[in-house]
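These are the residues of each chain, in order.
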Amino acid sequence: MKKELESRLLDSCSRTVLDPSEQKVLSFALSRDGITQAQLDSFLSDWNIEKAPIFSVMLLAYATARREDLVLPPHVGPRLKGVLQFCRFQNLKKEAHFSKVAKALGLAGIPALILKGGAMKVYRPDFPRWMNDIDFLVPAADYERAVSIARDLGYGDPMVTDHSVDLRIPGSGEGLLDIHRQLELGTGKENALNEVLFHRAWKRKIFSADGLLPCPEDMVFIALVNFYKNLERRQTPESSATTFFDIRFLVESTPSFRWEIVRDNARLTGSGFQLALASRVVSAYLEDLIPEDLWLPAPGRERAYRNFIDAFFFHRDVLSTARDSFAETRVGASLKSDYNIFSRTWALVVKGIKPIVKMPVFMRLALRMRYKKMDL
């Protein structure tokens with residue numbers, strides 16, 4: 001595999017996660033020594049809080065949290081507090097909706113295993129974060145029944161995929177709950193993980209409902225593969241930003257953290273390359289946290305890793321662009337608002353063509369058409 005291609009990939013990942021100014025404030029927020037007043041003043045000198053996306057504002061809030069010694073300009077301090085209060089209010093609403101559905105599922109004998117940001121709110125209730133929705137996993141055999149129960153409670157306007165259904169209050173346009181039958185890894189082996197996730201999960205009171213919380217090792221695995229997905233699809237930068245804080249907290253707050261569970265999860269699901277790429281990018285900001293053997297493919301798998309890199313570029317620069325264009329059409333918009341035979345059929349069609357678009361020859365051809373001068 002060409003070294004310059006690997007460097008190009010990693011550089012591209014870094015730019016996708018955060019722009020240079022955001023990388024700077026992230027390094028301040030993650031620093032053991034903390035941000036200094038001089039660093040803060042320098043950063044704010046050419047940063048416009050009114051134009052910054054919400055996750056950039058939250059990064060600065062993380063960097064300055066509980067620092068009474070820092071002096072913030074009059075137009076910055078109240079805005080930081082306002083964003084955090086807004087996030088707290090929005091999250092409380094989503095937590096209430098999760099509790100409502102989880103209680104109904106519990107009465108029907110269906111366990112709800114909370115995932116991603118919602119799970120981290122249980123681990124770190126005082127850590128502010130932006131949550132687009134609350135994801136949770138139910139046993140695959142109970143999936144259709146769980147969706148039906150949620151719809152009977154008034155949730156609708158579903159966005160249907162082959163791994164989950166995203167439900168809203170009809171007409172609100174606000175994402176609330178994402179019910180999963182499995183994780184989304186794109187390997188075809190996702191179901192292999194479900195049993196062990198439920199087996200290792202802890203029973204907890206989650207936002208006033210009985211639920212299941214993944215163990216720290218499973219949380220780190222889920223965070224890394226979800227981080228990879230966000231990189232590949234150029235989506236949810238606010239989730240990508242909090243990944244660094246979540247992983248460090250989970251590893252450092254867990255005595256004798258068991259990295260072998262993370263490795264086993266990757267082997268079970270065929271997501272080793274995803275784990276390697278995500279670990280490399282995360283380790284650029286969190287040194288000496290993730291074992292180096294997670295960064296690289298197993299010996300003898302260099303050719304397969306090359307195909308994986310092609311797939312990454314293909315999904316990021318071809319499929320993601322096509323997805324966004326299709327979503328703007330009338331048909332694409334309808335798939336987000338109606339759970340019917342057409343939306344179910346479309347999910348099956350997408351599932352059926354995935355093996356075709358994953359073929360290395362197809363991907364390289366598409367990439368040549370998209371970027372004639374790209375050296376792949």
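Our structure is the block above this text.
As a starting point, this report considers the structure included with it. (Residues numbered from 1 in each chain as written. Predicted model: local features only at pLDDT ≥ 70, side-chain atom pairs only at ≥ 80, totals over all residues. Heavy atoms only, no water.)

Quick look at unusual backbone geometry
Positioned with a positive phi, R66 is a non-glycine residue whose angle comes to about 55°. Inspection of the secondary structure puts R66 in the loop between α4 (54-64) and α5 (77-107). By relative accessible area, R66 is classed as exposed at 74%. Of note in this structure, S208 is not a glycine but carries a positive phi near 80°. Mapped onto the fold, S208 is located in the loop between β6 (202-206) and β7 (209-213). Accessibility expressed as a relative area gives 45% for S208, which makes it partly exposed. (Helix = DSSP H or I, 4+ residues; strand = E, 2+ residues; numbered from the N terminus. Buried < 20%, exposed > 50% of the residue type's maximum accessible area, 1.4 Å probe, protein only.)

Notes on the environment of L185
Relative to the assigned elements, L185 resides in the loop between β5 (175-180) and α8 (191-200). Along the primary structure L185 and S271 are separated by 86 residues, whereas in three dimensions their C-alpha atoms are 7.1 Å apart. Ignoring any residue separated from it by four or fewer positions in sequence, one finds L185 in contact with E190, V225, T269 and Q274. (Contact = heavy atoms within 4.5 Å.)

A word on the pairing of β7
Among the five residues in β7, four count as buried, and that is most of the element. With five bridges joining them, β6 and β7 adopt antiparallel strand pairing. Each residue of the ladder has a partner; that of R204, found in β7, is G211. The loop that links β6 with its antiparallel partner β7 comprises two residues; one of these, F207, has a positive phi angle of about 50°. (Pairing = 2+ DSSP bridges.)

Side note on the packing of aromatic side chains
This model, assessed by the stated rule, comprises 11 aromatic pairs. When the ring of Y62 is compared with that of F245, the centres are 4.9 Å apart and the planes differ by 65°; the resulting orientation is edge-to-face. On the criterion of sequence distance, the pair formed by Y62 in helix α4 and F245 in helix α10 (residues 237-252) is long-range, its members being 183 residues apart. Per residue, the accessibility class of Y62 equals that of F245, and both read buried. Relative to F207, the ring of F98 has its centre 6.0 Å away and its plane inclined at 85°; by these criteria the two rings are edge-to-face. Of this pair, F98 sits in helix α5 while F207 sits in the loop between β6 and β7, and the two are 109 residues apart along the sequence. Given a relative accessible area of 18%, F207 falls into the buried group. An aromatic cluster of three or more residues is present, and its members are Y62, F127 and F245. (Phe/Tyr/Trp six-rings, centres within 6.5 Å; stacked < 30°, edge-to-face > 60°.)

Concerning the nonpolar core
Within soluble globular proteins, side chains that are nonpolar generally end up buried alongside one another. Counting residues in each nonpolar core, the largest one holds 104 residues, and the members touching the most others are L60, F98, F136 and V220. Setting aside residues no more than four positions away along its own chain, L60 makes contact with V25, L40, F43, L44, W47, V76 and L80. (Core = buried A, V, L, I, M, F, W, Y, C linked by side-chain atoms within 4.5 Å.)

What about the packing of helix α9 (residues 216-233) against helix α11 (residues 259-269)?
At a minimum axis separation of 8 Å, α9 and α11 run at an interaxial angle of 50°. Taken together, α9 and α11 sit at an angle that is classed as oblique. For the pair α9 and α11, the crossing hand works out as right-handed. From α9, E217, D218, V220 and F221 reach across to α11, where they touch W259, I261, V262, N265, A266 and T269. Among the residues forming the contact of α9 with α11, the class breakdown is six nonpolar, two polar and two charged. (Axes fitted to C-alpha atoms, helices over the stretch in contact; angles between N-to-C directions. Parallel < 35°, antiparallel > 145°, perpendicular 65-115°, else oblique. Left-handed = near helix turned anticlockwise from the far one by under 90°. Nonpolar A, V, L, I, M, F, W, Y, C, P; charged D, E, K, R; others polar.)

Describing α4
Of all 11 residues that make up α4, 10 are buried, and the element is covered over most of its length. Positioned one or two residues after α4, R66 has a phi angle of 55°, which is positive.

So, the packing of α4 against α5
Contact pair α4 / α5: the axes reach a minimum separation of 9 Å and the direction vectors enclose 110°. Considered as vectors, α4 and α5 are oriented roughly perpendicular to each other. Of α5, the residues touching α4 (which contributes I54, V57, M58, L60, A61 and T64) are R79, L80, V83, L84, F86 and C87. Partitioned by chemical class, the residues of the contact of α4 with α5 number 10 nonpolar, one polar and one charged.

Brief notes about the pattern of salt bridges
In the structure shown here, the tally under the stated rule is 16 salt bridges. E252 is the partner of R32 in a salt bridge, and the nearest nitrogen-oxygen pair spans 2.2 Å. Of this pair, R32 sits in the loop between α2 (20-30) and α3 (37-45) while E252 is found in helix α10, placing the two residues 220 residues apart along the sequence. The exposure class assigned to R32 is exposed, which follows from its relative accessible area of 61%. For E252, a relative accessible area of 45% gives the class partly exposed. (Salt bridge = Lys/Arg side-chain N within 4 Å of Asp/Glu carboxyl O.)

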